[in-house]
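Coordinates in review
Now for the letters of each chain:
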Amino acid sequence: MNRTTASRRVRARAGQIRLRRSSPSDAAAIARVFEGPRVIEGTLQLPFPSAEVWQQRLSRETESTLVSLVACDGDEVVGTLGLHLNGGMPRRQHVAELGMAVRDDWQGRGVGTALMQAAVDLADRWMQLRRLQLTVFVDNAPAIRLYQRFGFEVEGTLRELAYRDGRYVDGLMMARLHSPGA
């Protein structure tokens, strides 16, 4: 799939959400997604995101290392998802790490579901990925429920995974295994 592949529209509770590949020109909009306190609390990103940092990340990644999607309401980016591939690691080419964020004012409106559906579809039907994995904080119940709806299972607890708001927080390692033809 290349960067010019047509976008896909999905219905979300708030109306039509358009999913498409991200590009370096989306850096400022993605930085805005990560400005929200709930997004920062639920991810491993630091507060006060920089559009320049996102520009660099999006510019240096290649299709062999990252598939990056954005969810848009019109032209406005309201969520983002990345499938981080193990390109260069021959024995782990079947694995991708998933990271996702939905802007605070769009959480609970179907954007995360649309992004997850697109990621699972890409992984299963187009990329021959057998294992999708992610890390989520133990207190992020809505995200855990979303991931479980898509077949992710808890594989373990990562004690004191990250320092957040003045204290250490545990995380869960979750994964989804895909068996073609099953």
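All right, on to the environment of Met127 then. Structurally, Met127 is set in the loop between helix H4 (111–125) and strand S6 (131–137). Since its relative accessible area comes to 24%, Met127 is described here as partly exposed. In the structure, Met127 is positioned 14 residues away from Thr113 in sequence and 20 Å away in space, judged by C-alpha atoms. Aside from chain neighbours lying at most four places away, what touches Met127 is Val67, Leu83, Leu85 and Leu122.

Among the nonpolar cores identified, the biggest contains 35 residues, and Leu81, Leu115, Met116 and Tyr147 are the most heavily contacted of them. At 9 residues, H4 tops the list of elements feeding residues into this core. If near-sequence neighbours (up to four positions away) are discounted, Leu81 is found in contact with Val67, Ser68, Leu69, Leu98, Gly99, Met100, Leu115, Met116 and Ala119. In this structure, Ala27, Phe34, Trp54 and Leu58 belong to the second largest nonpolar core, which totals 13 residues.

Turning next to the packing of H4 against helix H5 (residues 141–149). To characterise two packed helices, one gives the angle between the axes of the helices and the distance between these axes. Between H4 and H5, the shortest axis-to-axis distance is 10 Å and the interhelical angle comes to 35°. H4 and H5 meet at a crossing whose hand is right-handed. Mapping the contact onto sequence places Gly112, Thr113 and Met116 in H4 and Leu146, Tyr147 and Arg149 in H5. Each residue belonging to the contact of H4 with H5 can be placed in one class, and the counts come to 3 nonpolar, 2 polar and 1 charged.

Moving on: unusual backbone geometry. The phi dihedral of Glu160 falls on the positive side, at around 45°, and the residue is not glycine. Looking at where Glu160 falls in the secondary structure, it is placed in strand S7 (residues 153–164). Judged by its relative accessible area of 52%, Glu160 is exposed. Notably, Asp165 is not glycine yet its phi reads approximately 50°, a positive angle. Within the secondary structure, Asp165 sits in the loop between S7 and strand S8 (167–177).

Analysis parameters
- Residues numbered from 1 in each chain as written.
- Predicted model: local features only at pLDDT ≥ 70, side-chain atom pairs only at ≥ 80, totals over all residues.
- Heavy atoms only, no water.
- Helix = DSSP H or I, 4+ residues; strand = E, 2+ residues; numbered from the N terminus.
- Buried < 20%, exposed > 50% of the residue type's maximum accessible area, 1.4 Å probe, protein only.
- Contact = heavy atoms within 4.5 Å.
- Core = buried A, V, L, I, M, F, W, Y, C linked by side-chain atoms within 4.5 Å.
- Axes fitted to C-alpha atoms, helices over the stretch in contact; angles between N-to-C directions.
- Left-handed = near helix turned anticlockwise from the far one by under 90°.
- Nonpolar A, V, L, I, M, F, W, Y, C, P; charged D, E, K, R; others polar.

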